Amino acid sequence: TALAVARVLAGRGFHVSDSDIEAGIAGVSWPGRIERIAERPAVFLDGSHNPSGARELAAFWHDHLADRRIHLVYGSVRDKSVDEIAGLLFPLAASVIVTAPRQPRALSAEALAEMTRHLAPLMTVVADPRAALERAISGAEADDVVFATGSLYLVGELRKWWNSRSGA
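I will try to describe carefully the structure that is included in this document. This one's a predicted model, so the numbers in the text were calculated from it and none came from an experiment.

A word on the nonpolar core
Item 1. Residues Trp-61, Leu-72, Leu-89, Phe-90, Val-96 and Phe-147 are the most contacted members of the largest nonpolar core, which totals 26 residues.
Item 2. Among the secondary structure elements, those contributing two or more residues to this core are strand S2 (42-46), helix H3 (51-64), strand S3 (70-74), helix H4 (82-89), strand S4 (95-98), helix H5 (109-116) and strand S6 (145-149).
Item 3. Per element, the largest residue contribution to this core is five residues, and it comes from H3.
Item 4. With 18 residues, the next largest nonpolar core counts Ala-38, Val-73, Val-146 and Val-155 among its residues.

A short note on the packing of aromatic side chains
Item 1. Under the counting rule described, the total for this entry stands at six aromatic pairs.
Item 2. Residues Phe-60 and Phe-147 carry aromatic rings whose centres are separated by 6.4 Å and whose planes lie at 70° to one another, so their mutual orientation is edge-to-face. Taken together, the residues Phe-60 in helix H3 and Phe-147 in strand S6 connect sequence positions 87 residues apart.
Item 3. On the accessibility criterion, Phe-60 (19% relative accessible area) is buried.
Item 4. Where Tyr-74 meets Phe-90, the ring centres are 5.3 Å apart and the plane angle is 80°; that geometry is what we call edge-to-face. Remark: Phe-90 occurs in the loop between H4 and S4 and Tyr-74 occurs in strand S3; sequence separation between them is 16 residues. Phe-90 matches Tyr-74 in its accessibility class, with the two residues each being buried.

Topic: the pairing of S3
Item 1. With respect to burial, S3 is a largely interior element, five of its five residues being buried.
Item 2. Where S3 meets S6, five bridges bridge the pair, whose relative direction is parallel. Within S6, the residue paired with Tyr-74 across the bridge is Thr-149.
Item 3. Alignment of S3 against S4, held across four bridges, turns out to be parallel. Its bridge partner lying in S4, Leu-72 is registered against Val-96.

About the criteria used
- Residues numbered from 1 in each chain as written.
- Predicted model: local features only at pLDDT ≥ 70, side-chain atom pairs only at ≥ 80, totals over all residues.
- Heavy atoms only, no water.
- Core = buried A, V, L, I, M, F, W, Y, C linked by side-chain atoms within 4.5 Å.
- Buried < 20%, exposed > 50% of the residue type's maximum accessible area, 1.4 Å probe, protein only.
- Helix = DSSP H or I, 4+ residues; strand = E, 2+ residues; numbered from the N terminus.
- Phe/Tyr/Trp six-rings, centres within 6.5 Å; stacked < 30°, edge-to-face > 60°.
- Pairing = 2+ DSSP bridges.

Next comes the structure, spelled out in structure tokens:
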């Protein structure tokens, strides 16, 4: 969208060079969207909460992480397409930890596990999101990847907690 607006503005006489556009795009930060928060293991937060976002995340895994084991921390709210999202992501993960964001609309970790256990090669239930992320990290090897996704509430909660503990 920003690129299209820049092109329209340039066409109307505003000075917007290709290098300006490149610099703008290169400087974009989108917290909670394939946001790397740690290395070895790589830890990412991603707010994918619908099938379209899950498809994009699966494509990212395929394009950039095909040779790495992925450990997934997943939590959702009740009104999302959990079956479809889990069907896209869970089979691609080496392990899945289901959890629940601290939000009134959250789907409990236990209910989520009951609905989706058949889609994951290995599933663990950890109701507390922070403990779920810590468990995924502790169970991962240095070259593995940990992704927390499924809800913007979950990602926001984990991001805030992570930044407070790491002093960011």
